[in-house]
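Summary of the model geometry
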Amino acid sequence: MSVSARSARPARSARPGRPALRRRALVSAGLSAALALTLAACGSSSQGSPSLPGTDHGAMPSAGASMPSPGGSGHEDPSMPGMDGMPGDDGLSDSLDGYRLTSSDAALPSGRPAAYRFAVTGPDGRPVTAFAVDQTERLHFYAIRSDLTGFQHLHPTMAEDGTWTASLSTLAPGSWRMFATFTPAGGPGGSKDFVLSRTVTVPGTSRTTTLPAAAGTTTVDGCTVTVQGDLTAGMEHPLTVRLTRNGEPVTDLQPYLGTYAHLTAFHAGDAAFAHLHPTTPASGDEGGPDLSFHAELPAPGNWRLFLQFRTAGRVHTAALTLHVAG
Ligand SMILES: [Cu+2]
C-alpha cells in the first residue's frame, strides 16, 4: 500500500500537494527481510503482552475506530515557503495565527489516572467548537514526557462550550508536554492543520530515562517492526516500515484511525512533534506487511518514533529511535 504523511508544520502540512506526496510515497524502498525470531504473534494469540517501556496502550479509547482519510488540506502560506524552524513548525508553541491552546492545568497528579482539561481559542478569543474531522476525530491528543517516554495518544471529548477533557493514564512524575492537533472547521484558520502544546508538571521524584540508541528495528507484542529510510532534516524522504511475526510477513493489519499505521515522532531534547500518517484510507483487514511513509522531519538529531497499528482488534505501539542527519 502506499501512504504518505505530513509533518507538524501547519503551513506545509496544509499544502495542496498531497497527491504529489502520495506519488512520492509510491517509491517504496526495497526492504531486506528482518531477522525476526519472535515468540508470540502480534495478533489474537498475544494476550496483553507488555508494551515497550514508556509506551502506553491504556489510553486509546478509539482503538476500535475506523476513520476516513484525513481532511484538512488548505492553502499554502506563501510567507514561509519551505522555511523550517519557524514558530509553529514543531508544535512547541501554545499559539499560532491567533489560535491558542489554553488550560488551567499546569500540574497533574501522579500515581493515578488524571484528566487534563483545555480549550482551543480562536482569533476572537472565544473557544473554538467547530473542528474538521481528521482521521475520524476532531482532535488528536498526545502526551509525552520530556525524556520521550510515557507516550499516550488519545481522543478527548469536547463539551458544548468547547472545553475538552483528555482522560490520561497514570503519568510518571516529571515534565510533560500535551499536544493537540486539529483543524478548525471555519474561521480564519479554517482548513489549516494546527499543532499546539503546553507543558504540565507532574510532581514527585522524577527519573529520566536515557533515550534508546537509534535502531532500525524493534519488537512489540511479538511483531517485529523494521524501519528503513535515510532521513535528512527538512527534506522529504520515503520511509518504509515492514512488519513481520515469526519471520513471516504480517498481512492482517486492520484499519486504525482509517489507515494501517499511525506514526508520530518526537524530537529528542525539545520534544518537537511530527505526525506522519497515511493519507490512503485502509480497507479490509489485510494490510501489510509493507507500509510506506512520506517522512519530513524538520530538525536533525534523534527522534523517537511511535508506530501504532492494529491486529485482531488490538492496537500495538512500537517505539524506536531514528537518527535524522543535519
Ligand atoms: Cu489520534
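The structure we're discussing is the one just above.
Let me begin by describing the structure that accompanies this report. (Residues numbered from 1 in each chain as written. Predicted model: local features only at pLDDT ≥ 70, side-chain atom pairs only at ≥ 80, totals over all residues. Heavy atoms only, no water.)

1. Focus on the coordination of the copper ion
At 1.8 to 2.0 Å from the copper ion lie its protein donor atoms, namely His140 (ND1), His153 (NE2) and His155 (NE2). Look at where the donors of the copper ion fall in the sequence and you get H-x12-H-x1-H. One end of the pair, histidine 140, is in strand 4 (residues 139-145); the other, histidine 155, is in the loop between strand 5 (152-154) and strand 6 (157-158), and 15 residues separate them in sequence. Taken individually, histidine 140 and histidine 155 each receive the classification buried, so the pair is uniform in this respect. (Donors = N, O, S within 2.8 Å, 3.2 Å for Na, K, Ca; no water. Helix = DSSP H or I, 4+ residues; strand = E, 2+ residues; numbered from the N terminus. Buried < 20%, exposed > 50% of the residue type's maximum accessible area, 1.4 Å probe, protein only.)

2. A word on the pattern of salt bridges
Enumeration according to the criterion identifies seven salt bridges in this entry. Ionic pairing is found between aspartate 94 and arginine 198, a salt bridge with its closest N-O pair at 3.5 Å. Of this pair, aspartate 94 sits in the loop between helix 2 (18-25) and strand 1 (95-96) while arginine 198 sits in strand 9 (residues 194-202), and the two are 104 residues apart along the sequence. What makes aspartate 94 partly exposed here is its relative accessible area of 23%. (Salt bridge = Lys/Arg side-chain N within 4 Å of Asp/Glu carboxyl O.)

3. Quick notes on unusual backbone geometry
Looking along the chain, the bond that leaves glycine 288 and enters proline 289 is cis, with omega of 0°. Residue position: proline 289 is located in the loop between strand 16 (273-276) and strand 17 (290-295). Even without a glycine there, the phi angle at serine 191 is positive, about 70°. When its relative accessible area of 28% is taken as the criterion, serine 191 is described as partly exposed.

4. Brief notes about the sheet that holds strand 7 (residues 163-168)
Ordered in space as 1-2-3-7-6, the five strands form an open sheet in which the pairing is antiparallel. The open sheet has two edge strands, strand 1 and strand 6, and neither has a second partner. Here strand 2 (residues 99-102) pairs with strand 3 (residues 114-121) via three bridges, running antiparallel. Bridging from a neighbouring strand, threonine 102 pairs with alanine 119 of strand 3. (Pairing = 2+ DSSP bridges.)

5. A closer look at the packing of aromatic side chains
The final tally for this structure, using the stated rule, is 16 aromatic pairs. When the centroid spacing of 6.3 Å and the interplanar angle of 5° are considered together, the rings of phenylalanine 118 and tryptophan 164 count as stacked. Taken together, the positions of phenylalanine 118 in strand 3 and tryptophan 164 in strand 7 put the pair 46 residues apart, joining distant regions of the chain. For the residue pair phenylalanine 118 and tryptophan 164, the accessibility class agrees, reading buried in each case. (Phe/Tyr/Trp six-rings, centres within 6.5 Å; stacked < 30°, edge-to-face > 60°.)

6. Let's talk about the sheet that holds strand 4
Overall, antiparallel pairing links the four strands, which are arranged 5-4-8-9 in an open sheet. Across the chains shown, the open sheet's two edge strands, defined by having one partner strand only, are strand 5 and strand 9. Taking each pair of neighbouring strands and ignoring which way they run, the sheet shows an average axis angle of 20°. Examined bridge by bridge, strand 4 and strand 5 share three bridges and lie antiparallel to one another. Opposite tyrosine 142, over in strand 5, you have histidine 153 as the bridge partner. (Axes fitted to C-alpha atoms, helices over the stretch in contact; angles between N-to-C directions.)

7. Things to note about the nonpolar core
Leu239, Leu243, Phe293, Leu297, Trp303, Leu307 and Phe309 are the most contacted members of the largest nonpolar core, which has 33 residues in total. Among the elements of the structure, strand 11 (223-228), strand 13 (237-245), strand 15 (262-267), strand 16, strand 17, strand 18 (301-311) and strand 19 (314-325) are those that each provide at least two residues to this core. With 27 residues, the next largest nonpolar core counts Leu139, Phe141, Phe194 and Val202 among its residues. (Core = buried A, V, L, I, M, F, W, Y, C linked by side-chain atoms within 4.5 Å.)

On their own, these measurements won't tell you what the molecule is for.
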